[in-house]
Amino acid sequence: MVPQPDYYYNNASQRTVFDGKRKRPSINRKTVDYRSTIINYIRERPRLNSVDDFYYIQPSSAYMDKLMPPSTWYFNPSTSICTNHVHKSTNKQRCPVNVVTWTPEGRRLITGSSSGEFTLWNGLCFNFETILQAHQSAIRSMEWSHNQEFMISGDDAGKVGYWQPNMNNAKEIKAHPGDAVRDLSFSPTDKKFVTCSDDGNIKIFDFAQCREEIVLEGHGWDVKSVDWHPTKALLVSGSKDQKIKLWCPKSGKQIDTLHGHKSAISRVKWNRNGNWFLSASRDQLLKVYDIRNLKSALQTFRGHKKEVTACAWHPFHENFFVSAGSEGTILYWLVGTDEAVGEITQAHDSSVWSLSWHPVGHILCSGSNDHTTKFWCRNRPGDPMNDNFNSKKHE
């Protein structure tokens, strides 16, 4: 054995053999783990017989261990206001993020970009997982089936893709050749789905046979959004012609036309209660309509300084929703309250194109034209709220 100098043995414990691989520095990542709140709920559930049995969460860090999932506080939507910035995700190839959606079990977030790529982000640590070329043109819409077995996506070329949970492309059809598919929605039974496009048409397809069944014509301009009623054979659509229309998908006839907005409709969404639907427009207004009385809007919400580009109902609180505008601001609203109950000023540097709630309801994700995807979670009890996004409110 060749004798070695003393410093060789002294530094032997500090030397590391990498076997030809570059060692990556460890990164401390933020994580939002909802499982502890669910365990807390399971432990407390036997004694929660009425609303009076719940803890009243106080603004103190001593109440952190008493947090439970949003579905537990069904009577208090304020427990689901997500204004705490957790993470910002950006692809290596920077491009606008047009649509975001969570997988049904909430383990991953899927983003669709203008480059036609799906990017999957981890739902706990928000780190990058994988990327795949899903479409050859910009992705405009994505929607999961109610049975959670398939996802469909639409692009600028008018094509609709069928995707399995493992991101296997099962089928692709030409729904609106040459015109962008702006929105998609499944029927309550998942046997059919509806699409809308810049060609001014709404089409209903048979999902299994991949066959077009009915074309709904009546809008005078691009149809920007469409949504299928959660339980009934009823469609709502919004167009650039400033009109909201209700349709019967069986006969293909119009049921009613609403003229509540003074500019293009950017988004329409049914509430899970089946009676309300939400509309967002370029006139900076949001309106909630009740199908039992369509003479006027149930409530009008004012707060955005520019056009409203996205909105989403909370998965558990039926009177609570979130909206975003082209100025990059995200606002939280409560039906029955005129002012916004939560605000994130300058959440993005450009238009926010898509919003999606985590299936548990404790995280909101936003995709924007500024090439970023951001995650927002609930503030913990006693949180000083002194981050960059909340501190702007006090300046």
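The coordinates are above.
Draft legend 1. View of the overall build of the protein chain. If you tally the helices and strands in the protein chain, you get three helices and 28 strands. Its C-alpha atoms give the protein chain a radius of gyration of 24 Å, near enough to 21 Å, the size a compact globule of 395 residues would have. C-alpha extents for the protein chain along the principal axes are approximately 90 × 50 × 45 Å. Per-residue burial for the protein chain yields a buried fraction of 51% across its 395 residues. Residue pairs at least 24 apart in sequence account for 47% of intrachain contacts in the protein chain once pairs closer than 6 positions are excluded. For the protein chain, the accessible area works out to roughly 19500 Å², and carbon and sulfur atoms hold 46% of it.

Draft legend 2. Just the pattern of salt bridges, in detail. Considering all chains together, one arrives at 14 salt bridges under this definition. Where lysine 66 meets aspartate 65, a salt bridge forms, and the shortest distance between an N and an O atom there is 3.9 Å. Classification of lysine 66 as partly exposed rests on a relative accessible area of 22%. A salt bridge links lysine 224 to aspartate 198, with the shortest nitrogen-to-oxygen separation between them at 3.7 Å. One end of the pair, lysine 224, is in strand β14 (residues 223-228); the other, aspartate 198, is in the loop between β11 (192-197) and β12 (201-206), with 26 residues separating them in the sequence.

Draft legend 3. Structural detail: the sheet that holds strand β21 (residues 299-302). Judged by pairing direction, the sheet is antiparallel, and its four strands sit side by side in the order β18-β19-β20-β21 without closing on themselves. With partners counted over all chains shown, the strands left at the sheet margins are β18 (265-270) and β21, one partner each. Within this sheet the neighbouring strands show an average axis-to-axis angle of 15°, counted without direction. Of the strand pairs in this sheet, strand β20 (residues 285-290) and β21 are connected by four bridges, and their pairing is antiparallel. Residue pairing for β21: lysine 287 is matched across the bridge by threonine 300.

Draft legend 4. Quick look at a nonpolar patch on the surface. Where nonpolar side chains cluster on the molecular surface, the patch consists of Val51, Tyr74 and Phe75 and spans about 280 Å² of accessible area. Here tyrosine 74 is to be found in the loop between α2 (35-44) and β1 (84-90).

Draft legend 5. Structural view of the sheet that holds strand β6 (residues 139-144). With respect to topology, four strands assemble into an open sheet ordered β6-β7-β8-β9, the strand pairing being antiparallel. With partners counted over all chains shown, the strands left at the sheet margins are β6 and β9 (169-174), one partner each. Direction aside, neighbouring strands of the sheet carry axes that sit 20° apart on average. Across four bridges, the pairing between strand β7 (residues 151-155) and strand β8 (residues 159-163) is antiparallel. If you follow isoleucine 152 over to β8, its bridge partner there is tyrosine 162.

Draft legend 6. Molecular detail of the side chain of serine 89. Here serine 89 lies in strand β1. Looking at serine 89, the relative accessible area reads 2%, which means it is buried. At a separation of 3.4 Å, a polar atom in the side chain of serine 89 contacts the side chain of histidine 87. Once you skip the residues sitting within four places of it in the chain, serine 89 turns out to touch Trp121, Phe126, His371, Thr372, Thr373 and Phe375.

Draft legend 7. The arrangement of unusual backbone geometry in detail. Despite not being glycine, aspartate 190 has its phi angle at roughly 70°, a positive value. Within the fold, aspartate 190 resides in the loop between β10 (181-186) and β11. Take aspartate 190: its relative accessible area is 9%, and that puts it in the buried class. Although it is not a glycine, glutamine 346 adopts a positive phi angle of roughly 55°. Structurally, glutamine 346 is set in the loop between β25 (342-344) and β26 (352-357).

Draft legend 8. The nonpolar core, seen in detail. Val322, Ile330, Tyr332, Leu355, Trp357, Leu364 and Trp376 are the most contacted members of the largest nonpolar core, which totals 18 residues. Among the secondary structure elements, those contributing two or more residues to this core are β22 (308-313), β23 (320-325), β24 (330-334) and β26. Look past the residues within four positions of tryptophan 357 in its chain and what remains in contact with it is Ser80, Cys82, Trp102, Ala312, Trp313, His314, Pro315, Phe320, Val322, Tyr332, Ile363 and Leu364. Counting residues in each nonpolar core, the second largest holds 13 residues, with Val288, Phe301, Cys311 and Val335 among its members.

Draft legend 9. The arrangement of α2 in detail. Listing the buried residues of α2 in full gives Thr37, Asn40 and Glu44. Seen end-on, α2 carries its buried residues on one side only, within an arc spanning 60°. For α2, exposure combined with an orientation more than 90 degrees from the buried face picks out Ile39 and Arg43.

Draft legend 10. Expanded view of the pairing of β9. Sheet analysis places β8 next to β9, joined by five bridges and oriented antiparallel. Bridging from a neighbouring strand, valine 160 pairs with isoleucine 173 of β9. In sequence, β8 turns back onto β9 through a hairpin of five residues, with methionine 167 there showing a positive phi of about 65°.

Draft legend 11. Focus on the state of the cysteines. Inspection of the entire model under this criterion finds zero disulfides. Here cysteine 248 is not disulfide-linked; the sulfur of cysteine 196 is the nearest cysteine sulfur, at 18 Å.

Draft legend 12. Just the packing of aromatic side chains, in detail. Scanning all chains against the criterion turns up 21 aromatic pairs. Considering the side-chain rings of tryptophan 102 and phenylalanine 375, the 6.0 Å spacing of their centres and the 70° angle between planes classify their relative orientation as edge-to-face. Residue tryptophan 102 is found in strand β2 (residues 97-102), and its partner phenylalanine 375 is found in strand β28 (residues 372-377); the two are separated by 273 residues along the sequence. The same class applies to tryptophan 102 and to phenylalanine 375, which are both buried. Geometrically, the ring pair formed by tryptophan 270 and phenylalanine 277 is edge-to-face, given 5.3 Å between the ring centres and 70° between the ring planes. Aromatic rings pair up to connect Phe150, Tyr162, Phe186, Phe193, Phe205 and Phe207 into one cluster. Lying across the ring of tyrosine 63, lysine 66 places its NZ or CZ 5.6 Å from the centre.

Cut-offs and rules
- Residues numbered from 1 in each chain as written.
- Predicted model: local features only at pLDDT ≥ 70, side-chain atom pairs only at ≥ 80, totals over all residues.
- Heavy atoms only, no water.
- Helix = DSSP H or I, 4+ residues; strand = E, 2+ residues; numbered from the N terminus.
- Rg over C-alpha atoms; globule rule 2.2 N^0.38 Å.
- Buried < 20%, exposed > 50% of the residue type's maximum accessible area, 1.4 Å probe, protein only.
- Contact = heavy atoms within 4.5 Å.
- Areas by Shrake-Rupley, 256 points an atom, 1.4 Å probe, with all protein chains shown as cover.
- Salt bridge = Lys/Arg side-chain N within 4 Å of Asp/Glu carboxyl O.
- Pairing = 2+ DSSP bridges.
- Axes fitted to C-alpha atoms, helices over the stretch in contact; angles between N-to-C directions.
- Patch = residues over 30% accessible without salt bridge, like charges linked within 9 Å, V, L, I, M, F, W, Y side chains within 5 Å.
- Polar contact = N/O pair within 3.5 Å; in protein donor to acceptor, adjacent residues only side chain to side chain.
- Core = buried A, V, L, I, M, F, W, Y, C linked by side-chain atoms within 4.5 Å.
- Arc of directions from axis to C-beta.
- Disulfide = S-S within 2.5 Å.
- Phe/Tyr/Trp six-rings, centres within 6.5 Å; stacked < 30°, edge-to-face > 60°.
- Lys NZ or Arg CZ within 6 Å of the ring centre and 35° of its normal.

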